[in-house]
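Each chain is listed here by its residues.
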Amino acid sequence: MSVTSEATATWSGSLVEGSGEFALESSNQGPFPINWKARSEGSTSVTTPEELIAAAHASCYNMAFSNALAENGTPPQKLETTASVTFIPGTGITGSHLNVNAEIAGLSAEDFNRLAEEAKAGCPVSAALAGIEITIEATLA
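Reference entry: report on the structure contained in this document. Computed from a predicted model, the values in this text were never measured in an experiment.

1. Focus: the overall build of the protein chain
When its secondary structure is counted, the protein chain shows four helices and six strands. Across its three principal axes, the protein chain shows a C-alpha extent of roughly 55 × 35 × 25 Å. Per-residue burial over the protein chain gives 32% buried out of 141 residues. When contacts within the protein chain are restricted to residue pairs at least 6 apart in sequence, those whose partners lie at least 24 apart make up 49%. Counting every atom, the protein chain has about 8500 Å² of accessible surface; 52% of that belongs to carbon and sulfur.

Structure below.
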């Protein structure tokens with residue numbers, strides 16, 4: 001069975017002076033504003049495509065890592081992942097860095113690092129981002 005997810009975006013005006021918004025179909029959330037200034041300079045009040053990619057990457061990674069850990073017989077008590085997606089105007093998206101903090105009982109540091117790397121490679125969002133560098137920093141509590 002396949003699942004198709006949707007978001008709808010609108011835009012008015014030129015790239016620099018214009019603005020838009022998007023809404024998430026699944027949760028009826030939005031509209032959320034978007035604009036070039038936030039994307040090229042950063043913002044704490046307006047989201048960007050890269051922030052949405054970061055949310056997708058962190059969420060997908062946690063699912064992939066949780067599954068790998070459960071299959072290993074060491075399900076996590078907690079996984080917290082921050083994905084930092086870098087955008088350079090004129091160049092594009094250049095990388096995604098996963099910063100993972102995990103609480104897992106009974107797992108060696110060697111197995112933890114191996115499973116963390118395997119989950120990074122096996123995460124479907126990582127596969128979709130294959131054209132950029134994906135790095136990981138994983139900490140076992």
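2. Side note on a nonpolar patch on the surface
A surface patch of nonpolar side chains, about 300 Å² in accessible area, is lined by W11, L15 and V16. Exposure remark for W11: the relative accessible area of 38% places this residue in the partly exposed category.

3. Description of the packing of aromatic side chains
Two aromatic rings are characterised by how far apart their centres lie and by the angle between their planes. If you walk through the whole model with that rule in mind, you get four aromatic pairs. Ring plane angle 40° and centroid distance 5.5 Å describe the contact between Y61 and F65, whose orientation is recorded as tilted. Residue Y61 and its partner F65 are located together in helix 2 (residues 49-71), separated by four residues, close to a single helical turn. With respect to class, Y61 is no different from F65; both count as buried. It is R39 that lies over the ring of F87; its NZ or CZ is 4.3 Å from the centre.

Procedures and definitions
- Residues numbered from 1 in each chain as written.
- Predicted model: local features only at pLDDT ≥ 70, side-chain atom pairs only at ≥ 80, totals over all residues.
- Heavy atoms only, no water.
- Helix = DSSP H or I, 4+ residues; strand = E, 2+ residues; numbered from the N terminus.
- Buried < 20%, exposed > 50% of the residue type's maximum accessible area, 1.4 Å probe, protein only.
- Contact = heavy atoms within 4.5 Å.
- Areas by Shrake-Rupley, 256 points an atom, 1.4 Å probe, with all protein chains shown as cover.
- Patch = residues over 30% accessible without salt bridge, like charges linked within 9 Å, V, L, I, M, F, W, Y side chains within 5 Å.
- Salt bridge = Lys/Arg side-chain N within 4 Å of Asp/Glu carboxyl O.
- Phe/Tyr/Trp six-rings, centres within 6.5 Å; stacked < 30°, edge-to-face > 60°.
- Lys NZ or Arg CZ within 6 Å of the ring centre and 35° of its normal.

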